[in-house]
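For reference, the chains in residue letters:
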Amino acid sequence: MSKTLQKLKINVFGELWTLKKVSLSTIEMEYYRSIASGMNQPLHEALIDPFFYPKLKLENRQSFFDLKGEEISGATTNSANQLDIWCEGNREKIWVANLKNTTLFPIYQVNFEEKVNTLSNGIYIETLEFGKIGSYEIMVDSFIRENLEFHFVTYGKAILLQNKFCYNGKNLTKKKSDCSITSLHSFEIR
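This report concerns the structure included in the present document. (Residues numbered from 1 in each chain as written. Predicted model: local features only at pLDDT ≥ 70, side-chain atom pairs only at ≥ 80, totals over all residues. Heavy atoms only, no water.)

**Overview of the environment of Thr154**
Then, number 1: Along the chain, Thr154 turns up in strand 7 (residues 148–155).
Then, number 2: Measuring from C-alpha to C-alpha, the distance between Thr154 and Ile107 comes to 21 Å, with 47 residues separating the pair along the chain.
Then, number 3: Setting aside its immediate chain neighbours within four residues, Thr154 contacts Glu113, Glu114, Lys115 and Ile159. (Helix = DSSP H or I, 4+ residues; strand = E, 2+ residues; numbered from the N terminus. Contact = heavy atoms within 4.5 Å.)

Now the structure itself:
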């Protein structure tokens, strides 16, 4: 007799910090700069201006979220950030700040990675969002805490919980998010 699969769900609430280095082709860069120039703005400022994207007249570019680029992102260790883990009708609440400090008696697998905090030439967009960062799901036979993995990245002085959750080596799928941008900043390094 086969065992019924159960849904393992992780809801992440709190503050999400993201730094994206925008990647534009030479043709895109030239076209985008000409539109930004017509708006009397440097390109990095135009990229976060919601009135810039209609002027581009590109269906696949409706906001800065649609721009390609390298990204460092994760939930901060703000004391308000929390995870709700749901499985088999049970809920477990974990504070992100406590999760990174569970080295004495580890309940979950917690991995740390360090990223070099050097910025090369380019355009960067930094956002800070607050709300439901994401809802992640996977179907499991049974829930064993030790099989759940969390990944942190250290970037400069910041320690971020990445939006990458694994159970038995399989990634949980992101289903939805509902965040509001609380801070938006762009800059260019030449």
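**Let's talk about the nonpolar core**
One recurring pattern in soluble globular proteins: nonpolar side chains tend to sit buried together.
Then, number 1: The biggest cluster of nonpolar side chains holds 23 residues, and the ones touching the most others in it are Ile10, Leu83, Phe150, Leu161 and Phe165.
Then, number 2: Looking at this core, the elements that each hand over two or more residues are strand 1 (6–22), strand 3 (82–87), helix 4 (96–99), strand 6 (122–140), strand 7 and strand 8 (158–167).
Then, number 3: Residue contacts for Ile10: discarding those within four places in its chain leaves Leu83, Asp84, Ile85, Gly134, Ser135, Tyr136, Leu148, Phe150, Phe165 and Leu172.
Then, number 4: Listed in part, the 16 residues of the second largest apolar core include Tyr32, Ala36, Met39 and Leu43. (Core = buried A, V, L, I, M, F, W, Y, C linked by side-chain atoms within 4.5 Å. Buried < 20%, exposed > 50% of the residue type's maximum accessible area, 1.4 Å probe, protein only.)

**Concerning a nonpolar patch on the surface**
Then, number 1: A surface patch of nonpolar side chains, about 250 Å² in accessible area, is lined by Phe65, Ile181 and Leu184.
Then, number 2: Looking at the element boundaries, Phe65 is found in the loop between helix 3 (52–56) and strand 2 (69–75).
Then, number 3: Assessed through its relative accessible area of 47%, Phe65 is described here as partly exposed. (Patch = residues over 30% accessible without salt bridge, like charges linked within 9 Å, V, L, I, M, F, W, Y side chains within 5 Å. Areas by Shrake-Rupley, 256 points an atom, 1.4 Å probe, with all protein chains shown as cover. Salt bridge = Lys/Arg side-chain N within 4 Å of Asp/Glu carboxyl O.)

Any functional reading would require information beyond the geometric quantities listed.
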